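Tertiary structure, described
Residues per chain, in single letters:
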Amino acid sequence: MPIAGSKTSCRGDSAKRQASINRVAAKRLQPKPGERVLDVGCGSGATTFAFARAVAPDGFALGLDVSDPMLSQARAFAPKGLPLDFVLADATVHPFEPASFDLLASRFGVMFFADPIASFTNLRRALKPTGRLAFACWREPKENPWMMAPLMAVYKHVPKMPPVGPEEPGPFAFASEERVTRILKGAGFVDVAMEPHNLAMDVAIGGGLDAAVEGSLQIGPASRALQGHPPETYAAAKASIREMLAPFMKGQSVALPGAIWIVTAKAA
């Protein structure tokens, strides 16, 4: 029952591309000095570093992930002196110390829970009675052309992937407001709220059209759709992605629309 790690569409993304998302999320996460923060799906640790800075010197941030290579990067690049640690664990079953965290946070690290109610129930037990939850997740695929437009270009050359069911883990598993609310209330959370935000996602990360094309081929659904196909198919799909992205180029940026939810709730 993994948390986000091997399949998410953004975990390989750079910190620069995530900057606008971080600014939106920060307004709702609001870690305070002295608090203890649990960062679920922390990846290579950038969010955990930020939490640790916010709660220092008397607080603490724990980054949790199922990817050992990413956690190795996090440990290697962790700034010295920050109050933080990392753990390789499954959020669904990890024996957290009960009522030990003030804030449960995640940036796209919860959509891959196989049993989300069980996962959030276990995580809620780790929160103090006054604890709070805040995480970011993607809205509907049609509202995220930055991921879906390259995929449509690839589909000119390869068969469509099997559709993902509305209850199955995946990048858009928490797109439904009704489903997220049902899951969190089922796990015991209260005062669930979901705030929509629209963003411009620079798929080039400031690197121009070539970088945008390569980025689309390295992560996300377009990359998955091309897995196992021969080089000539890959080359044809790459050309189609380039043709599709070119009209969006402005300077060295190639920005397409993105859409997220900022989800908040209380432990009790």
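Data block above holds the structure.
Bear in mind the structure is a predicted one, so any value in this text is a computation, not a measurement.

Take the overall build of the protein next. What the protein contains, in helices and strands, is 9 helices and 8 strands. Each of the 268 residues in the protein was classed as buried or not, and the buried ones make up 53%. For the protein, the exposed area adds up to about 12,100 Å²; of that, 57% sits on carbon and sulfur atoms.

Let us look at the packing of helix 7 (residues 208–218) against helix 9 (residues 231–245). One way to put it is that helix 7 packs onto helix 9 with a least axis distance of 10 Å and a crossing angle of 125 degrees. By the angle between their axes, helix 7 is oblique relative to helix 9. Helix 9 is crossed by helix 7, and the crossing has right-handed handedness. For the pair helix 7 and helix 9, the contacting residues are Leu-209, Asp-210, Ala-212, Val-213, Glu-214, Ser-216 and Leu-217 in the first and Tyr-234, Lys-238, Ile-241, Arg-242 and Leu-245 in the second.

The next thing to look at is the nonpolar core. One recurring pattern in soluble globular proteins is that nonpolar side chains are buried together. Counting 66 residues, the largest nonpolar core has Phe-120, Phe-135, Phe-174 and Leu-245 as the members making the most contacts within it. The residues touching Phe-120, leaving out its near neighbours within four places in the chain, are Val-110, Phe-113, Leu-133, Phe-135, Phe-174, Ile-183, Leu-184, Ala-187 and Phe-189.

Relative to the elements of secondary structure, Thr-121 occurs in helix 4 (residues 116–125). Discounting chain neighbours no more than four positions away, the residues touching Thr-121 are Gly-186 and Ala-187.

Mapped onto the elements, Arg-139 comes out in the loop between strand 5 (127–138) and helix 5 (145–154). Judged by relative accessible area, Arg-139 falls into the buried class, the value being 7%. A distance of 2.9 Å separates the side chain of Arg-139 from the backbone oxygen of His-197, its partner in a polar contact. Residues within four places of Arg-139 in sequence aside, it is in contact with Asn-144, Phe-172, Ala-175, Pro-196, His-197, Asn-198, Ala-259, Ile-260 and Trp-261.

Running from N to C, helix 5 and helix 9 point in directions that differ by 135 degrees, and their axes come no closer than 8 Å. Between helix 5 and helix 9, the crossing angle belongs to the class labelled oblique. In this structure, helix 5 meets helix 9 at a crossing whose hand is right-handed. For the pair helix 5 and helix 9, the contacting residues are Ala-149, Pro-150, Ala-153 and Val-154 in the first and Ala-237, Ser-240, Ile-241 and Met-244 in the second. Residues belonging to the contact of helix 5 with helix 9 are distributed by class as follows: 7 nonpolar, 1 polar and no charged.

How each quantity is defined
Residues numbered from 1 in each chain as written. Predicted model: local features only at pLDDT ≥ 70, side-chain atom pairs only at ≥ 80, totals over all residues. Heavy atoms only, no water. Helix = DSSP H or I, 4+ residues; strand = E, 2+ residues; numbered from the N terminus. Buried < 20%, exposed > 50% of the residue type's maximum accessible area, 1.4 Å probe, protein only. Areas by Shrake-Rupley, 256 points an atom, 1.4 Å probe, with all protein chains shown as cover. Axes fitted to C-alpha atoms, helices over the stretch in contact; angles between N-to-C directions. Parallel < 35°, antiparallel > 145°, perpendicular 65-115°, else oblique. Left-handed = near helix turned anticlockwise from the far one by under 90°. Contact = heavy atoms within 4.5 Å. Core = buried A, V, L, I, M, F, W, Y, C linked by side-chain atoms within 4.5 Å. Polar contact = N/O pair within 3.5 Å; in protein donor to acceptor, adjacent residues only side chain to side chain. Nonpolar A, V, L, I, M, F, W, Y, C, P; charged D, E, K, R; others polar.

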